[in-house]
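# Observations on the three-dimensional arrangement
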Amino acid sequence: MRTRDMAAVAGVLAAVLFGAGCGADGGERGAGSGGFGREAAQAEIRTAVAGAGLPKSELPEPGQVSATATPADERERIARRAAACTAAWQYIGPVVDGARGKFDRTVDALVGEGWTAGKRLEEKLDDKGGTLVGLTLKKSGWSLFARHSTSKTVAMDVISFQASEDACMNGFSEREMDLLFGEDRERP
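Now for a quick tour of the structure. For clarity, every value in this text was computed on a predicted model and none was experimentally measured.

### Quick notes on the state of the cysteines
Applying the stated criterion across every chain, the model contains one disulfide. Here C85 is linked by a disulfide to C168, with a sulfur-sulfur distance of 2.3 Å. The chirality of the disulfide connecting C85 with C168 is left-handed, given an S-S dihedral of about -70°. One end of the pair, C85, is in the loop between helix 3 (74–83) and strand 1 (86–94); the other, C168, is in helix 5 (residues 166–170), and 83 residues separate them in sequence. Each member of the pair, C85 as well as C168, is classed as buried.

Below is the structure:
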């Protein structure tokens, strides 16, 4: 997947999950994967981010937002199912001093916890020096999309760490994935 596509998919999933109630069941999915599940993945992301000195995220983590009593539509029901197997942290805001170094320290901390990092991809975003860095990390049946984009045009940082349990996400039908991701979905 191209870096820009990976970033778009991660961003869409985060927006859908954060906006849909994020893990309304609060359950620990994936505990059969050697005891590593959503709560463990969330704790590792949270610890790595804090240790690297990234700013506090003002966005909710999966499981922090109460869901509405009844999902508004089928997409929201699917998003709730996806949230049950998702762990995430995201910052969107003003440019952070040393953000790229803090992003790299967070990735290093996750690697120290047993996540295996894939190839790092970097793209130029604008003529003023804006860049996008992304990579995928894997651990115990989970995939984590890490990305940092900084735009000099609008003077902001977007930093996200979005983990999903592979088996859970593979349980969604083609139609459900289309509803969840729309045009941002990766195609073979």
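So that's the structure; there's more coming.
### A few points about the packing of helix 2 (residues 38–52) against helix 4 (residues 99–112)
Viewed as axis vectors pointing N to C, helix 2 and helix 4 meet at an angle of 140°, and their least axial separation amounts to 8 Å. Taken together, the axes of helix 2 and helix 4 lie oblique to each other. Helix 2 and helix 4 meet at a crossing whose hand is right-handed. Here helix 2 contributes E44, I45, A48, V49 and A52 to the contact with helix 4, which in turn contributes K102, R105, T106, A109 and L110. Classifying every residue of the contact of helix 2 with helix 4 gives six nonpolar, one polar and three charged.

### Let's talk about helix 4
The end-to-end C-alpha separation of helix 4 is 20 Å, in line with the 20 Å expected for 14 residues at 1.5 Å each. Those residues of helix 4 lying buried are A99, R100, K102, F103, T106, V107 and L110. One side of helix 4 carries all its buried residues, which in axial view fall inside an arc of 165°. Along helix 4, exposed side chains directed more than 90 degrees from the buried face belong to D108 and G112. Those residues of helix 4 hidden inside the fold are in contact with helix 2, strand 3 (121–124), strand 4 (131–139), strand 5 (142–151) and strand 6 (156–165). Remark: G114 follows helix 4 within two positions and exhibits a positive phi of approximately 105°.

### Considering the pattern of salt bridges
Using the criterion set out here, one finds eight salt bridges in the structure. Residue E44 is joined to K139 by a salt bridge in which the shortest nitrogen-to-oxygen separation is 2.8 Å. One end of the pair, E44, is in helix 2; the other, K139, is in strand 4, and 95 residues separate them in sequence. Take E44 and K139: they sit in the same class, and that class is buried. For E122, the salt bridge identified is with R100, shortest N-O distance 3.6 Å. Taken together, the positions of E122 in strand 3 and R100 in helix 4 put the pair 22 residues apart, joining distant regions of the chain.

### A word on the nonpolar core
In globular proteins that are soluble, nonpolar side chains generally tend to be buried together. If you look at the biggest cluster of nonpolar residues, it comprises 24 residues, and the most contacted ones within it are W115, L144 and F161. Put simply, the parts of the chain that give this core at least two residues each are helix 2, strand 1, helix 4, strand 4, strand 5 and strand 6. For W115, the residues in contact, after removing those within four places along its chain, are F36, A41, E44, L110, L137, K138, K139, W142, S143, L144 and A163. A82, C168, M169 and L180 belong to the second largest nonpolar core, which has 10 residues in total.

### Some thoughts on the pairing of strand 4
Of all the nine residues making up strand 4, eight are buried; the element is thus mostly covered by neighbouring parts of the structure. Of the strand pairs in this sheet, strand 2 (residues 116–117) and strand 4 are connected by two bridges, and their pairing is antiparallel. Paired with T116 across the bridge in strand 4 is K138. Note that strand 3 and strand 4 share four bridges and pair antiparallel. Opposite L121, over in strand 4, you have G134 as the bridge partner. In the sheet, strand 4 pairs with strand 5 via nine bridges, with the strands oriented antiparallel. Bridging across to strand 5, L132 finds its partner in S149. Between strand 4 and strand 5, which pair antiparallel one after the other, the connecting turn spans two residues, and S140 there sits at a positive phi close to 45°.

So, how was this worked out
Residues numbered from 1 in each chain as written. Predicted model: local features only at pLDDT ≥ 70, side-chain atom pairs only at ≥ 80, totals over all residues. Heavy atoms only, no water. Disulfide = S-S within 2.5 Å. Helix = DSSP H or I, 4+ residues; strand = E, 2+ residues; numbered from the N terminus. Buried < 20%, exposed > 50% of the residue type's maximum accessible area, 1.4 Å probe, protein only. Axes fitted to C-alpha atoms, helices over the stretch in contact; angles between N-to-C directions. Parallel < 35°, antiparallel > 145°, perpendicular 65-115°, else oblique. Left-handed = near helix turned anticlockwise from the far one by under 90°. Contact = heavy atoms within 4.5 Å. Nonpolar A, V, L, I, M, F, W, Y, C, P; charged D, E, K, R; others polar. Expected span 1.5 Å × (residues − 1). Arc of directions from axis to C-beta. Salt bridge = Lys/Arg side-chain N within 4 Å of Asp/Glu carboxyl O. Core = buried A, V, L, I, M, F, W, Y, C linked by side-chain atoms within 4.5 Å. Pairing = 2+ DSSP bridges.

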